[in-house]
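# Observations on the model geometry
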Amino acid sequence: YQVGSELDELLHLCDDLNNNLIQAKQIMGPDAKYIARLEKRYVQIMGLYQMKYAEVENKMDILFQSDEMIKELREDISDLEYRLGSVMSSAVSNVETRMEAFNEMGVKIQTFEKVMKLVDDTYLNIQQACQDITESVEKDLYDIIGETVDERQHQDMAGMISNVAHACDYILKAFQDIGQEMDGVSQFNS
């Protein structure tokens, strides 16, 4: 009889516990589901944020590169306008071209100093181009071909590199001679 009563108490306790669990689930169930949905939404929003952040960073990089390109193009335009004015107002240009440079472009009369500046600028540009050509031939040629050349081909490439360097030196010397001749002419102008 005592075992039966304890068993009844245990069943009654299990029923109370089960009822309390059902009530707790009913109370917390919607909150737990809501929290789980919030957590999923948070993960989605963070993923979207990171994607948009990367997109903004990419666009900022593009803007920076565009600003740099615009700056370089403006410098190129300025240089080209200067050169155009120099050529148009040069003594070798026909009268109509010179008059257009003076009247429409606002170019002042070609002076000896402007000619010398053009010669100096051109010399610097040719010097840089020759350096670029020489470096390209020396470095890029070996990078492209690699170590797959035999001794004769290696000697042929060394000869080619020597020819390129000689041609660049000749161009620079010829242009330097022009500059010196112009300096000599300036003595007669004074």
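Since the structure is predicted, the reported quantities are computational estimates derived from the model, not experimental observations.

## Section: the nonpolar core
Formed by Cys-130, Val-137, Ile-161, Val-164, Cys-168 and Leu-172, the largest nonpolar core amounts to six residues. Within the residue set of this core, elements represented by two or more residues are helix 3 (112–145) and helix 4 (151–189). No other element matches helix 4, which puts four residues into this core. With sequence-adjacent residues up to four places away left out, Cys-130 is seen in contact with Cys-168 and Leu-172.

## Some details on a negative patch on the surface
Side chains of Asp-67, Glu-68, Glu-72, Glu-75 and Asp-76 sit close together on the surface and give a patch of like negative charge. Take Glu-68: it is sitting in helix 1 (residues 2–88). Residue classification places Glu-68 among the partly exposed positions, given a relative accessible area of 33%.

## Remarks on a nonpolar patch on the surface
Together, Leu-7, Leu-10, Leu-11 and Leu-13 line one region of the surface with nonpolar side chains, adding up to about 400 Å² of accessible area. When you line up the elements, Leu-13 lands in helix 1. Here Leu-13 falls in the exposed class, since its relative accessible area comes to 54%.

## What about the confidence of the model for the protein chain?
Summarising the model, the protein chain shows a mean pLDDT of 79, and 82% of its residues fall at 70 or more. Within the protein chain, the element-level pLDDT minimum falls on helix 2 (residues 95–103), averaging 70, and the maximum on helix 1, averaging 82.

## Remarks on the environment of Gln-176
Relative to the helices and strands, Gln-176 is located in helix 4. When the C-alpha atoms of Gln-176 and Tyr-123 are compared, they prove to be 7.3 Å apart, with 53 residues separating the residues in sequence.

## Remarks on the pattern of salt bridges
This model, assessed by the stated rule, comprises four salt bridges. For the salt bridge of Glu-55 with Lys-52, the shortest nitrogen-to-oxygen distance reads 3.9 Å. Of the two residues, Glu-55 and Lys-52 both sit in helix 1, three residues apart, roughly one turn of that helix. For Lys-52, a relative accessible area of 43% gives the class partly exposed. Note that Asp-177 and Lys-173 form a salt bridge whose closest N and O atoms lie 2.9 Å from each other. In this pair, Asp-177 and Lys-173 both sit in helix 4, four residues apart, roughly one turn of the helix. What makes Asp-177 partly exposed here is its relative accessible area of 31%. Here the salt bridges share partners, and the residues they tie into one network are Lys-52, Glu-55 and Lys-59.

Parameters at a glance
- Residues numbered from 1 in each chain as written.
- Predicted model: local features only at pLDDT ≥ 70, side-chain atom pairs only at ≥ 80, totals over all residues.
- Heavy atoms only, no water.
- Core = buried A, V, L, I, M, F, W, Y, C linked by side-chain atoms within 4.5 Å.
- Buried < 20%, exposed > 50% of the residue type's maximum accessible area, 1.4 Å probe, protein only.
- Helix = DSSP H or I, 4+ residues; strand = E, 2+ residues; numbered from the N terminus.
- Contact = heavy atoms within 4.5 Å.
- Patch = residues over 30% accessible without salt bridge, like charges linked within 9 Å, V, L, I, M, F, W, Y side chains within 5 Å.
- Areas by Shrake-Rupley, 256 points an atom, 1.4 Å probe, with all protein chains shown as cover.
- Salt bridge = Lys/Arg side-chain N within 4 Å of Asp/Glu carboxyl O.
- Lys, Arg positive; Asp, Glu negative; His and termini not counted.
- Charge placed at Lys NZ, Arg CZ, Asp CG, Glu CD.
- pLDDT = per-residue confidence, 0-100.

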